[in-house]
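Given next are the chains, with one letter for each unit.
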Amino acid sequence: MPDATQTTPEPTSAAVQPYDAIIVGAGFGGLYMLHRLRALGLRVRVFEAGSGVGGTWYWNRYPGARCDVESLEYSYSFSEDLQQQWDWKERYASQPEILSYANHVADRFELRRDIAFDTRVLGADFDPLRNEWVLRTDRGDVARAPHCIMAVGCLSLPRMPEFPGRDSFKGKLYHTGLWPQEGVDFSGLRVGVIGTGSSGIQAIPQIARQAAHLHVFQRTPNYSLPAVNHPLDRQAVARVKAEYAALRERARKAPAGVAGFAILTRSALEDPPAVRQQVYQDGWVRGTTGFTRLYKDLLTDPAANDTAAEFVRGKIRSIVKDPAVAARLTPTDHFIGTKRICLDTDYFETYNRANVTLVDVRSAPIEAITASGIRTAEREFELDAIVMATGFDAMTGALLAIDIRNGAGATLAQKWAGGPRTYLGLMTAGFPNLFVIAGPGSPSVLTNMISSIEQHVDWITRCIEQLRARGIARMEAEQTAEDQWVEHVNEVADLTLLPRANSWYVGANVPGKPRVFMPYLGGLHVYRARCEEVAARDYEGFALSS
Ligand code: NA7
């Protein structure tokens, strides 16, 4: 943990670049934030560690990477021209298509000129005398601005388990979240994939088609549904575009920020089994993460949840030909939807291939990575390449990777040692003028991220505009407001089954991380109204001072 008493060397003033606002990250959050603040006439600087825009979609280039929200909804709504002129090709956009969209947005709104690429922010210090943030980068830049906006992403610090011997492996080692730009050819290779979350589930079928042999090292089986992805029909797209504004309005009022998810009022237990099966079958063939919203109580009532889980388990048993393999692929240790449900293309079918072997590393854990492969408690596997699909230090990892100090002797890492604490996910008490886009305590990862990003950016933009107009130099979350919000986030989560699973939502995938349910489960529509109300009441719960 950083030493909070250590003072940052003050650079010579000539070297310090002054801005009105600094944004960290040029993913979808940072790009839109830049666009909005620049429109206010502000001098803005964005620092981005990657060589290009796109954030998550810049880094996660693994084969099969695809969004699980439909492209016509997983896209910006702020520009009518943009949404009319951009043509999505597939129902669920692939990573290359989303990345070219991010690049198109950067070009269209001329965003690149204010972005410093290949530049990682190492530290951020609040200067209480000037009410400014001073940021330091790995290229030696020092920049200061009254407002700093962290747009660092929720799933952007990849996590590699510390297997002994990792560096001794003579083959190639990859992480899905740090995929080489030039791609990887697995033809003729013996490949091992560790991890069966969304990334593994998307990559495994693609790698299996290329590799000589694929071993999948699975610790926990996951629920996954067929994505039913397909090229978009031009006429259907035209129909959406003719009424885009109405669709976006419905999304704004929807809990997950997705217009296409119906809000259902029936309990799963109200329907007779045959009717329920048909409801699930219809959801299955539609291909949607909205599967766990088919009844109102699937995420709150264990018995209701089990009806949906058992439906999916039945599907796994019917797809996978070897009953022993099917049994190992069948999740039984968590409620469906309490870990993020996956959408796949041919995932379970892949285990019927002769060149694919499922290795259960729950019963025989990975002991080491050796020069020639992976050794489990049972045996050694000879491999030419290993793919870690082992996830991220989610929601807090990328923020805490920056040495953030508040100028009053505290670091963010110290403040969040017991788990993240924010007011509305937007700010954290004791760290003035520091905004977070889609921070812990906001709906973020439980929603269409672009809907959440737009809501946060719009709110922050209006807020900064008003602060500047009124000459307010300092804005800070009040401790009581933050405590009450954290309590509310926990109360809402505890009404559901989600905190019970060992998911990245609670930080369970990172050894030693405090177990706290991080996103806000109350729904984006409810949250949006709350944020509006707070702003209308002169930023209730925030202390403002000149
Ligand atoms: P996830 O969902 O965190 O999945 C990581 C996978 O890696 C999961 O199956 C883990 O098993 C497995 N894992 C992690 N550490 C180990 C070790 N030490 N041994 C064996 N297996 C391990 O990450 P993803 O990248 O797939 O997806 C993250 C989000 O990105 C996703 O939810 C979407 O929102 C997009 P475990 O379940 O912990 O037993």
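Relevant structure appears above.
Residues numbered from 1 in each chain as written. Predicted model: local features only at pLDDT ≥ 70, side-chain atom pairs only at ≥ 80, totals over all residues. Heavy atoms only, no water.

Re the overall build of the protein chain
Regarding its fold elements, the protein chain presents 16 helices and 22 strands. Here the C-alpha atoms of the protein chain give a radius of gyration of 24 Å, agreeing with the 24 Å that 2.2 N^0.38 yields for 546 residues. Counting only C-alpha atoms and orienting by the principal axes, one finds that the protein chain spans roughly 70 × 55 × 45 Å. Within the protein chain, the proportion of its 546 residues that are buried is 57%. The long-range share in the protein chain, meaning contacts at least 24 apart out of those at least 6 apart in sequence, stands at 72%. Of the roughly 22000 Å² of accessible surface on the protein chain, 51% is carried by carbon and sulfur atoms. Each charge class in the protein chain was averaged separately, 59 positive and 62 negative side chains, and the resulting centres sit 2 Å apart. (Helix = DSSP H or I, 4+ residues; strand = E, 2+ residues; numbered from the N terminus. Rg over C-alpha atoms; globule rule 2.2 N^0.38 Å. Buried < 20%, exposed > 50% of the residue type's maximum accessible area, 1.4 Å probe, protein only. Contact = heavy atoms within 4.5 Å. Areas by Shrake-Rupley, 256 points an atom, 1.4 Å probe, with all protein chains shown as cover. Lys, Arg positive; Asp, Glu negative; His and termini not counted. Charge placed at Lys NZ, Arg CZ, Asp CG, Glu CD.)

Here we look at helix α14 (residues 449–470)
Counted at 1.5 Å a residue, the expected span for α14 with its 22 residues is 32 Å, and the 31 Å between its end C-alpha atoms agrees. Downstream of α14 by one or two residues, G471 has phi in the positive range, about 70°. (Expected span 1.5 Å × (residues − 1).)

Digging into the sheet that holds strand β2 (residues 21–24)
Sheet architecture is open: five strands sit in the order β4-β3-β2-β8-β20, paired in parallel fashion. Whereas interior strands pair on both sides, the edge strands pair on one side only; in this sheet they are β4 (115–116) and β20 (434–436). Pairing analysis gives four bridges linking β2 to strand β3 (residues 44–47), with the strands arranged parallel. From the neighbouring strand, A21 faces β3, where its bridge partner is V44. (Pairing = 2+ DSSP bridges.)

Some details on the site of the ligand
Around the ligand, 20 residues are found, and the nearest of them are R159, T196, S199, R219 and T220. Between an oxygen atom of the ligand and a main-chain N or O atom of S198, the distance comes to 3.0 Å. Within the backbone of A389, one N or O atom sits 3.2 Å away from an oxygen atom of the ligand. Grouping the amino acids of the shell around the ligand by side-chain chemistry returns seven nonpolar, eight polar and five charged. (Near = heavy atom within 4 Å. Polar contact = N/O pair within 3.5 Å; in protein donor to acceptor, adjacent residues only side chain to side chain. Nonpolar A, V, L, I, M, F, W, Y, C, P; charged D, E, K, R; others polar.)

Examining the layout of surface pockets
Considering only enclosed or pocket space, the second largest pocket measures out at about 870 Å³ in volume. Considering the residues around the second largest pocket, the lining is formed by 37 residues, among which P255, T292, R293, L299 and L521 are closest to the centre. Considered class by class, the residues forming the lining of the second largest pocket number 22 nonpolar, ten polar and five charged. (1 Å grid on protein atoms, 1.4 Å probe; cavity = no way out; pocket = protein on both sides within 12 Å on 5 of 7 lines; lining within 4 Å. Points joined across faces, edges and corners; volume = space filled by probe spheres on them.)

Focus on the pattern of salt bridges
This structure, assessed with the given rule, holds 35 salt bridges. D114 is the partner of R38 in a salt bridge, and the nearest nitrogen-oxygen pair spans 2.6 Å. Of this pair, R38 sits in helix α1 (residues 28–39) while D114 sits in the loop between α4 (95–108) and β4, placing them 76 residues apart in sequence. For the pair shown, R38 and D114 are each scored as buried. (Salt bridge = Lys/Arg side-chain N within 4 Å of Asp/Glu carboxyl O.)

Re the sheet that holds strand β17 (residues 380–382)
The sheet built from three strands is open, its strands ordered β15-β16-β17 with antiparallel pairing. Strands at the two margins of the open sheet, each flanked by one partner only, are β15 (366–370) and β17. Averaged over all pairs of adjacent strands, the angle between strand axes in this sheet comes to 20°, irrespective of strand direction. Across three bridges, strand β16 (residues 373–376) lies against β17 in antiparallel orientation. Across the sheet, G373 pairs through a bridge with E382, a residue of β17. (Axes fitted to C-alpha atoms, helices over the stretch in contact; angles between N-to-C directions.)

Let's talk about unusual backbone geometry
Even without glycine at this site, D118 takes up a positive phi of about 50°. Despite not being glycine, S444 has its phi angle at roughly 30°, a positive value. Relative to the elements of secondary structure, S444 occurs in the loop between β20 and α14.

Digging into the state of the cysteines
A full pass over the atoms with the stated rule returns zero disulfides. This cysteine, C531, is not joined by any disulfide, and C463 carries the nearest cysteine sulfur, 11 Å off. The class of C531 is buried, set by a relative accessible area of 0%. (Disulfide = S-S within 2.5 Å.)

Section: the pairing of strand β18 (residues 385–388)
Burial along β18 is two-sided: A385 and V387 facing one way and I386 and M388 facing the other are all buried. As paired elements, strand β9 (residues 172–175) and β18 share four bridges and run parallel to each other. Along β18, the bridge assignment pairs L173 with I386. Here strand β10 (residues 190–194) pairs with β18 via four bridges, running parallel. Looking across to β18, one finds that V191 is bridged to A385.

A look at the packing of helix α8 (residues 273–286) against helix α9 (residues 302–319)
One can describe the packing of α8 onto α9 by two numbers: an axis separation of 11 Å at closest approach and a directional angle of 60°. Here α8 is positioned oblique relative to α9, judged by the angle of their axes. Note that α8 runs across α9; the crossing there is right-handed. On α9, the residues touching R276, Q277, Y280, Q281 and W284 of α8 are A304, T307, A308, F311, V312, K315 and I319. (Parallel < 35°, antiparallel > 145°, perpendicular 65-115°, else oblique. Left-handed = near helix turned anticlockwise from the far one by under 90°.)

What about the environment of G419?
Its place among the elements puts G419 in the loop between α13 (412–415) and β20. Classification of G419 by relative accessible area gives buried; the value is 5%. Taking the C-alpha atoms as reference, G419 lies 5.4 Å from P514; in sequence the two are 95 residues apart. Aside from chain neighbours lying at most four places away, what touches G419 is P514 and V516.

So, the environment of A354
Here A354 shows up in the loop between α11 (347–350) and β14 (356–360). Judged by its relative accessible area of 79%, A354 falls in the exposed class. Placed 141 residues apart in sequence, A354 and H213 show a C-alpha to C-alpha distance of 8.4 Å.

Here's the deal with the side chain of D68
Within the secondary structure, D68 is located in the loop between α2 (56–59) and α3 (80–85). The exposure class assigned to D68 is buried, which follows from its relative accessible area of 13%. Polar side-chain contacts of D68 include one of 2.9 Å to the side chain of R340. When neighbours within four sequence positions are excluded, D68 is seen to be in contact with Y92, T289, R340, I341 and L343.

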